[in-house]
Amino acid sequence: MPAAPSAALLGPAAAAWSASTQDLLLAALASAVAHRHDGTALVVDVEGHGREEDAVPGADVSRTVGWFTSVFPVRLDLAGAAAVLAGGDPAPVVTAVRTRTNSVPGNGIGYGVLRHLDPESAAELADLPAPPVRFNYLGRLVTGGAEPPGWSAAPESDALKHAGTRVMSHALELNVVARDDELRADWTWPEGVFTTDEVRALAESWVSALSRLADTAPGARPDHLVTLGAGELDRLRAGLGAAR
């Protein structure tokens, strides 16, 4: 991703939309898919880190090492999403995605239990069609332009090196990581499912949608910004408390 929209999506744009960076990445994916393909919805398997503090009350996850993966399906509504790349208002798409992800209990950590461990729900969920897309936002790595001292990427961490030898569970996988203020996306797919040109076109539409989300975020223009002093902020907080 270009530097300017990347930095905006990781900070001010996400805050202005009252959404997470992952919400904006998914909203752009919905817009890109709707722009290039017909359909009313897209079901995506969203991968998470699995360190949900609410899953086990009182658990301290700050001293854990390793990757605790959770995967859960999220249905993205494509109605009106194609309009984003045609100059339409992105707000309905962002709101729909944000509402959908916020409604998932525990960031989806319970889905694996229902899918694989509970006999009744496991049989029911197994009959559902598998989502065609797997999405993973790995988060933000602050490196200062270099690997942190004492840390380096393991050779097996690069999925692209093993794409030709591993069995893929989805028609398309999108892995996104932020290094400092730069977003990088890896698109992976089995040979014969898509052509390189098809995936490149989808990726370009996704980048265009993300750039639009960054440019049209509420308050993105200087005339929409408001500066509050410490006293004004205290009075605002007091007023909000009284209103409750």
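Quick note: structure is the one above.
So, how was this worked out
Residues numbered from 1 in each chain as written. Predicted model: local features only at pLDDT ≥ 70, side-chain atom pairs only at ≥ 80, totals over all residues. Heavy atoms only, no water. Helix = DSSP H or I, 4+ residues; strand = E, 2+ residues; numbered from the N terminus. Buried < 20%, exposed > 50% of the residue type's maximum accessible area, 1.4 Å probe, protein only. Polar contact = N/O pair within 3.5 Å; in protein donor to acceptor, adjacent residues only side chain to side chain. Phe/Tyr/Trp six-rings, centres within 6.5 Å; stacked < 30°, edge-to-face > 60°. Salt bridge = Lys/Arg side-chain N within 4 Å of Asp/Glu carboxyl O.

Here we look at the side chain of His 170
Right, so step 1: Along the chain, His 170 turns up in the loop between β3 (133–141) and β4 (172–179).
Right, so step 2: Judged by relative accessible area, which is 7%, His 170 ranks as buried.
Right, so step 3: At a separation of 2.6 Å, a polar atom in the side chain of His 170 contacts the side chain of Ser 169.

Observations concerning unusual backbone geometry
Right, so step 1: The phi dihedral of Ser 18 is positive, around 55°, even though this residue is not glycine.
Right, so step 2: Relative to the helices and strands, Ser 18 resides in the loop between α2 (12–16) and α3 (21–36).
Right, so step 3: Even without being glycine, Asn 107 reaches a positive phi, approximately 55°.
Right, so step 4: Residue position: Asn 107 is located in the loop between α4 (91–102) and α5 (111–116).
Right, so step 5: Accessibility expressed as a relative area gives 43% for Asn 107, which makes it partly exposed.

Here's the deal with the packing of aromatic side chains
Right, so step 1: Applying the stated criterion to the full structure yields 1 aromatic pair.
Right, so step 2: A ring pair is formed by Trp 187 and Trp 206, whose centres lie 5.6 Å apart and whose planes are at 85°; its orientation type is edge-to-face. With Trp 187 in strand β5 (residues 182–188) and Trp 206 in helix α7 (residues 196–215), this pair connects stretches of sequence that are 19 residues apart.
Right, so step 3: Residue classification places Trp 187 among the buried residues on the basis of a relative accessible area of 13%.
Right, so step 4: By relative accessible area, which is 1% here, Trp 206 ends up buried.

Overview of the pattern of salt bridges
Right, so step 1: For the structure on display, the rule yields 4 salt bridges.
Right, so step 2: Of the charged contacts in the structure, one is a salt bridge between Arg 134 and Glu 47, with a shortest N-O distance of 2.8 Å. Residue Arg 134 is located in strand β3, and its partner Glu 47 is located in strand β1 (residues 41–48); the two are separated by 87 residues in the primary sequence. Assigned by exposure class, Arg 134 and Glu 47 land together as buried.
Right, so step 3: For Arg 200, the salt bridge goes to Asp 197, with nearest N and O atoms at 3.1 Å. A residue pair is termed a helical-turn pair when its members lie 3 or 4 positions apart in one helix, as Arg 200 and Asp 197 do in helix α7 at 3 residues.
Right, so step 4: Taking the relative accessible area as the measure of exposure, Asp 197 reaches 56% and is therefore exposed.

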